[in-house]
Amino acid sequence: MGYSGHTFSRRLSEKRASAGLGWDDLSALSGLPPVLIGQLEKGTSAPSLDAACALAVALVCSIDELAGLP
């Protein structure tokens, strides 16, 4: 199984929701703008490596887990 932008979007949304966070909350934890988080969840933007890393740290998971990779 390879990387899928759709999978990243879905998993990011699921992880954020299961942590009980809104876009503003995740923004504060990750240092990324809320609008970017929204774009990533909607799949209208692809994450940079820095953004993916910041989100993974904020959500206490791995980038692989967000991307749906083994």
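Structure first, text after, so check above.
Residues numbered from 1 in each chain as written. Predicted model: local features only at pLDDT ≥ 70, side-chain atom pairs only at ≥ 80, totals over all residues. Heavy atoms only, no water.

A. Region of interest: the environment of Pro33. When you line up the elements, Pro33 lands in the loop between helix 2 (23-30) and helix 3 (34-42). For Pro33, a relative accessible area of 41% corresponds to the partly exposed category. Along the sequence, Pro33 and Trp23 sit 10 residues apart, while their C-alpha atoms lie 8.6 Å from each other. (Helix = DSSP H or I, 4+ residues; strand = E, 2+ residues; numbered from the N terminus. Buried < 20%, exposed > 50% of the residue type's maximum accessible area, 1.4 Å probe, protein only.)

B. Seen up close, the environment of Ala19. In this structure, Ala19 sits in the loop between helix 1 (5-18) and helix 2. The class for Ala19 is partly exposed, based on a relative accessible area of 46%. Separated by 20 residues in the primary sequence, Ala19 and Gln39 have C-alpha atoms spaced 19 Å apart.

C. The pattern of salt bridges, seen in detail. Counting across every chain of the model gives three salt bridges. Arg10 is the partner of Glu14 in a salt bridge, and the nearest nitrogen-oxygen pair spans 3.3 Å. Taken together, the residues span about one helical turn, with Glu14 and Arg10 both in helix 1 at a distance of four residues. Under the relative-accessibility criterion, Glu14 is labelled partly exposed at 40%. Its relative accessible area of 37% is what places Arg10 among the partly exposed residues. Across the pair Arg16 and Glu41 runs a salt bridge whose closest N-O atoms are separated by 2.5 Å. Note that Arg16 is positioned in helix 1 and Glu41 in helix 3, a separation of 25 residues in sequence. In this pair, the class of Arg16 matches that of Glu41, namely buried. (Salt bridge = Lys/Arg side-chain N within 4 Å of Asp/Glu carboxyl O.)

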